[in-house]
Amino acid sequence: MNARRRTRSRAQRLIPAAAVAAATALGIGTLSACSGDKAVAANTSKFDVVASFYPMAFLADRIGGDHVHVTTLTSPGQEPHDLEISPQQIASLEESDAVLYLKNLQPSVDDAVAQSPVKTKIDAASLTTLEDHGDEVGGHAAGHDSHEGGESTGKDPHVWLDPVRYAQVAEGVGKAFEKADPKHAADYKKNTAALVKQLDELNTEFADGLAHTRSKVFITTHAAFGYLAERYGLTEEAVSGLDPESEPSAARVRDLERMAKADGVSTVFYETLVSDKTARTLARDTGLKTDVLDPIEGITGKSRGKDYFAVQRANLKALQQALGAK
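Cut-offs applied
Residues numbered from 1 in each chain as written. Predicted model: local features only at pLDDT ≥ 70, side-chain atom pairs only at ≥ 80, totals over all residues. Heavy atoms only, no water. Helix = DSSP H or I, 4+ residues; strand = E, 2+ residues; numbered from the N terminus. Buried < 20%, exposed > 50% of the residue type's maximum accessible area, 1.4 Å probe, protein only. Pairing = 2+ DSSP bridges. Axes fitted to C-alpha atoms, helices over the stretch in contact; angles between N-to-C directions. Contact = heavy atoms within 4.5 Å. Parallel < 35°, antiparallel > 145°, perpendicular 65-115°, else oblique. Nonpolar A, V, L, I, M, F, W, Y, C, P; charged D, E, K, R; others polar. Core = buried A, V, L, I, M, F, W, Y, C linked by side-chain atoms within 4.5 Å. Expected span 1.5 Å × (residues − 1).

Remarks on unusual backbone geometry
With glycine set apart, most residues show a phi of negative sign, and most peptide bonds adopt trans.
Link 1 in the chain: The phi angle at N104 is positive, at roughly 80°, despite the residue not being glycine.
Link 2 in the chain: Relative to the assigned elements, N104 resides in the loop between β5 (98–101) and α6 (107–115).
Link 3 in the chain: Backbone geometry places I296, a non-glycine residue, at a positive phi of 55°.
Link 4 in the chain: Classification of I296 as buried rests on a relative accessible area of 0%.

Below is the structure:
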């Protein structure tokens, strides 16, 4: 998170305790799955899981199958980093059996989970390894300098974009479900194994599809694809850092313009939930094309696919085209 977001006071992020108490007293045990939808009861007859945003909800759905009832804190189309928890959402945590979230991605979720009495708290970040990433992540192409250690450096939470790390998280979530709901443990184990197999196959598709490319460098609007870049021998150059709302410096923009020419970059990638203005401006100034590389923080009508796997395969095609895959 950038300094502006990091210095946001705790009081601003948290819903006052009195508001939560009032919501609970009124019997609010609901959680809206998406903006405009009717609220869905959290205390159902199934294993009730509150997921912080789409990649967590996808895991819960696939692993839990018919035994779980999943609701999501982040509405489709909402930028997850900006989520502020409502009193109704906080109250719903008390009626749920488990919460699945990714610590350090959404501060208001972290605070709400820490205060919630929900018995099973599953932090996806604890189920794999996190690395420090900055504006540049991955191998170092000739003709430009590394930007690791710059002002945007921090623990990168975007683990779901690397199929290998996402599979590690899936295995951890499966074990947590088995422990919390043992009567359905066999099904959770089977569903987890099937999901991990699919993620292994996706990893192979990426590794094969990006093994031979004209260029190894790609530009994105924010540093969401660092783990993916490292996994497949690429370099991600991000206009902004880990926070999609951080503003790039003029020096950073000039550096990207020089790097694009030196490394034969053809495309500036933008994403579905954040303005494409910066990407289009940089592309215009450098004579590059623009295209979508989706960080899969939420599925909307603009997404190139209806689930995680479909969007990841669309990302692979976009990278192959931009990098000149042979």
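After that view, the rundown keeps rolling.
Let's talk about the sheet that holds strand β3 (residues 47–51)
Link 1 in the chain: Taken in spatial order, the 4 strands line up as β4-β3-β5-β6 in an open sheet, and their pairing is parallel. Each edge of the open sheet carries a strand with a single partner, namely β4 (68–72) and β6 (120–123). Sheet twist, expressed as the mean angle between neighbouring strand axes with direction ignored, is 20°.
Link 2 in the chain: For β3 and β4, the ladder comprises 5 bridges, and the chain directions are parallel. Bridging across to β4, V50 finds its partner in T71.
Link 3 in the chain: Most of the contacts of helix α4 (residues 54–64) go to β4, to which it runs at about 170°, and overall it touches β3, β4 and β5.
Link 4 in the chain: Contacting β5 and β6, α6 runs over the sheet at an angle of about 155° to β5.

Some remarks on the environment of Q198
Link 1 in the chain: When you line up the elements, Q198 lands in helix α8 (residues 185–209).
Link 2 in the chain: Separated by 111 residues in the primary sequence, Q198 and F309 place their C-alpha atoms 8.7 Å from one another.
Link 3 in the chain: Among residues more than four places away in sequence, those in contact with Q198 are R62 and F309.

A closer look at α4
Link 1 in the chain: Within α4, 9 of the 11 residues are buried, which leaves the element mostly enclosed by the surrounding structure.
Link 2 in the chain: Buried residues belonging to α4 abut β3, β4, β5, α7 (163–180), α8 and α12 (308–323).
Link 3 in the chain: Immediately beyond the C-terminal end of α4, within one or two residues, lies G65, with a positive phi of roughly 60°.

Observations concerning the packing of α8 against α12
Link 1 in the chain: In contact at an axis separation of 10 Å, α8 and α12 are set at 5° when each is read in the N-to-C sense. By the angle between their directions, the pair α8 and α12 is classed as roughly parallel. Between α8 and α12, the residues in contact are L195, Q198, L199, L202, E205, F206 and G209 and Y308, F309, Q312, R313, L316, L319 and Q320, respectively.
Link 2 in the chain: Here the residues of the contact of α8 with α12 sort into 8 nonpolar, 4 polar and 2 charged.

Here's the deal with the nonpolar core
General note: in soluble globular proteins, nonpolar side chains tend to be found buried as a group.
Link 1 in the chain: Judged by nonpolar contacts, the single largest core of 57 residues is most densely connected at V49, L59, W160, F177, F218, Y308 and L319.
Link 2 in the chain: Looking at this core, the elements with two or more residues in it are β3, α4, β4, β5, α7, α8, α9 (226–231) and α12.
Link 3 in the chain: Broken down by element, this core gets its largest block of residues, 8 residues, from α12.
Link 4 in the chain: For W160, the contacting residues outside a window of four places in its chain are F53, P55, L102, L105, Y166, P295, I296, E297, Y308 and Q312.

Some points on the pairing of β5
Link 1 in the chain: Taking every second residue as pointing to the same face, both faces of β5 are buried, with A98 and L100 on one and V99 and Y101 on the other.
Link 2 in the chain: Summarising the sheet, β5 and β6 pair through 4 bridges and their orientation is parallel. Across the sheet, the residue bridging to Y101 is D123, located in β6.

Looking at α8
Link 1 in the chain: Across its 25 residues, α8 extends 36 Å between first and last C-alpha, which sits within 8% of the 36 Å expected from 1.5 Å per residue.
Link 2 in the chain: Along α8, the positions that sit buried rather than exposed are A185, Y188, N191, T192, L195, V196, L199, L202, N203, F206 and G209.
Link 3 in the chain: Against the buried residues of α8 lie β3, α4, β4, α7, α9 and α12.

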